[in-house]
Amino acid sequence: MNADGTTDWPNHGGAWREWRAAMGGTRMHHGWILAGKSGLGKHDFAMAAARELVAQTGIPQPPGNHPDIIVLTYGAKNDKEARAQSDGKKFELARSIRVDQVRAMQKRLTTRPTMGDRRVVIINPADDMEVSAANALLKSLEEPPQGTSFILVTHRPARLLPTIRSRCRTLRFPILSDDQLKAMLSASGASDGDQMDVAIRAAEGSYGAALRFSEQDLSPVAALITGLLTKGDPGLTARSDLSRMIGPRADRARLQAVMELAQAIAANLARNTQNSAQRAALVETHSELVTLAAQAPNYNFDTGLLMLEIGTLLMRAAPASDPAYG
C-alpha cells in the first residue's frame, strides 16, 4: 500500500479518485460494485477502501484484521472439510458463497460495530453467490443497517441480480498493459524470457492470470495449444503430447491455468483472424472451453482424459480439421 493509503496497482488511479470524491460528498453510497476481470487487484482495493471508510479520528485502528470489516468468500465444501479447516489442515473450498454465510453475516449486523460507528461487508466474488444467498443479501442492501456499507467484488457483474446492481454504485477496473504486467512480474521475481512473454500474451491484461501462467512454466503447452487451434492434429500425436505434458496427477491450479491459457489463445486468435468462418469456429471453441472449465471441478475427471477432451475441442477449430469433400 502507498503512503497515501491507496493500493500500488497501476490501474487503480481512476477508482481511487472516484471513491474519494464520493467519500468527500454529502452522502456516501452504501453499496459498491468493484467490476473487472479477475486478477486486477479488486480485493486489495476493497480492503484498503474499507479500512479508509471505517477509520475515525481519535480511534486507533488495528494493523491486521479489522473487527469492523467482514469478508465473505468461499467457505469449506462440507462438514468434513470444515473440520479440516478448524484443525488447521488443508481443506477443499465450496464452489459458491452460500446463503448460511450471508445469514450469519446479517446476524452480526444486528449488533453495533466494535471500534466506531461504521462497518464494511466485503463479498468476493459476489457473482458466485447462490441465488438464495443473493436474495438474502438484497434485503440488507434495500434496508442497510446504520453505518454499514457493502463492497461487492465481481469478475462477471452481469451475473449479479439486476436488483442488486441497481442498488449499488459501480467502480470499473481497467486491464493492465503489457508493460505494466512485465514490470509487476519482474517485481514478483519472475524471470524475463519466453515464459514471461507467453504469460503476458495469454493473461490478456490480468496480473493474477499472468502470475499463474508464469509460475506454471506453460511455454511448451502454449505452443501445443496454438498448434492444435491452427493446424489440428494431423499426426494424431498432439493431443497425447498435451496430456503427457500436463501430467497424470496435475493439481487443480495447473489444470485451471491450462484451461485459462487455452481460452486466452483461442480468444486472441479469434480477434486477429480475417477469416469469418475461422473466427466463428474459434469463438465456438472458446465458449465450449469456458463451459468445460466450469464443469471440470464438479466431476471426477481423469486428468489425461480431460486433456484429451480439451485437445479435441481445440483441433475442431483448426482449418485442417475441416472435412474435405471430393
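Preceding this paragraph is the structure being described.
Worth saying up front: this structure is predicted, and the values here are computed from it rather than measured. (Residues numbered from 1 in each chain as written. Predicted model: local features only at pLDDT ≥ 70, side-chain atom pairs only at ≥ 80, totals over all residues. Heavy atoms only, no water.)

Enquirer: Talk me through the overall build of the chain; I want residue IDs and the actual numbers.
Expert: Check the secondary structure of the chain and you find 14 helices and five strands. By its C-alpha atoms, the chain is 80 × 45 × 35 Å across when sized along the principal axes. The buried share of the chain, taken over its 326 residues, is 45%. Considering only contacts within the chain whose residues lie at least 6 apart along the sequence, 72% involve residues at least 24 apart. Accessible surface computed for the chain: about 17,300 Å², of which carbon and sulfur atoms make up 51%. For the chain, the centre of its 38 positive side-chain charges and the centre of its 34 negative side-chain charges are spaced 5 Å apart. (Helix = DSSP H or I, 4+ residues; strand = E, 2+ residues; numbered from the N terminus. Buried < 20%, exposed > 50% of the residue type's maximum accessible area, 1.4 Å probe, protein only. Contact = heavy atoms within 4.5 Å. Areas by Shrake-Rupley, 256 points an atom, 1.4 Å probe, with all protein chains shown as cover. Lys, Arg positive; Asp, Glu negative; His and termini not counted. Charge placed at Lys NZ, Arg CZ, Asp CG, Glu CD.)

Enquirer: Go over the packing of aromatic side chains with me, naming the residues and quoting the values.
Expert: Per the counting criterion, the structure on display carries five aromatic pairs. Ring geometry for Phe45 against Phe173: centres 5.2 Å apart, planes inclined by 80°, an arrangement best described as edge-to-face. Placement of the pair is Phe45 in helix 2 (residues 42-54) and Phe173 in the loop between strand 5 (169-172) and helix 7 (178-188), with a sequence separation of 128 residues. You can call Phe173 buried: its relative accessible area is 5%. (Phe/Tyr/Trp six-rings, centres within 6.5 Å; stacked < 30°, edge-to-face > 60°.)

Enquirer: Residue-level account of the environment of Val102, with values.
Expert: Note on placement: Val102 falls in helix 4 (residues 99-108). Separated by 68 residues in the primary sequence, Val102 and Leu34 place their C-alpha atoms 19 Å from one another. Excluding anything up to four places from it in sequence, Val102 contacts Leu72, Ala133, Ala136 and Leu137.

Enquirer: Could you give me a rundown of the environment of Arg167, with the residues and numbers involved?
Expert: One can find Arg167 in the loop between helix 6 (162-165) and strand 5. With relative accessibility at 27%, the residue Arg167 sits in the partly exposed group. Placed 136 residues apart in sequence, Arg167 and Gly31 show a C-alpha to C-alpha distance of 6.6 Å. Setting aside chain neighbours within four positions, we find Arg167 in contact with His29, His30, Gly31, Leu138, Leu141 and Glu142.

Enquirer: Explain helix 8 (residues 194-203) to me, and be specific about the residues and the numbers.
Expert: The element helix 8 is extensively covered by neighbouring structure, given that seven of its ten residues are classed as buried. Elements in contact with the buried residues of helix 8: helix 7, helix 9 (207-216), helix 10 (219-231) and helix 12 (252-272). Immediately beyond the C-terminal end of helix 8, within one or two residues, lies Glu204, with a positive phi of roughly 50°.

Enquirer: Lay out the side chain of Thr148 in plain terms, naming residues and giving numbers.
Expert: Topologically, Thr148 is positioned in strand 4 (residues 148-154). Assessed through its relative accessible area of 4%, Thr148 is described here as buried. Apart from the residues within four sequence positions on either side, Thr148 is in contact with His30, Leu109, Arg119 and Val121.

Enquirer: Which residues make up the packing of helix 12 against helix 13 (residues 276-295), and what values do they have?
Expert: Remark: helix 12 packs on helix 13, axes separated minimally by 9 Å, with the N-to-C direction vectors making an angle of 160°. Judged by the inter-axis angle, helix 12 sits roughly antiparallel to helix 13. Pair helix 12 / helix 13 crosses with left-handed handedness. Residues Met259, Ala262, Gln263, Ala266, Ala267, Leu269 and Ala270 of helix 12 form the contact with helix 13, whose own contacting residues are Arg279, Leu282, Val283, His286, Leu289, Val290 and Ala293. (Axes fitted to C-alpha atoms, helices over the stretch in contact; angles between N-to-C directions. Parallel < 35°, antiparallel > 145°, perpendicular 65-115°, else oblique. Left-handed = near helix turned anticlockwise from the far one by under 90°.)

Enquirer: Would you mind going over the sheet that holds strand 3 (residues 119-123) in detail, with residue names and values included?
Expert: As summarised here, the arrangement of the five strands in space is 2-3-4-1-5, forming an open sheet in which the pairing is parallel. In this open sheet, the two strands that pair with only one neighbour each are strand 2 (69-72) and strand 5. The sheet shows a mean angle of 20° between the axes of neighbouring strands, direction not considered. For strand 1 (residues 31-35) and strand 5, the ladder comprises four bridges, and the chain directions are parallel. Counterpart to Trp32 in the pairing with strand 5 is Arg169. Sheet strands in contact with helix 1 (residues 13-23) are strand 1, strand 4 and strand 5, and its direction is about 150° off that of strand 5. (Pairing = 2+ DSSP bridges.)

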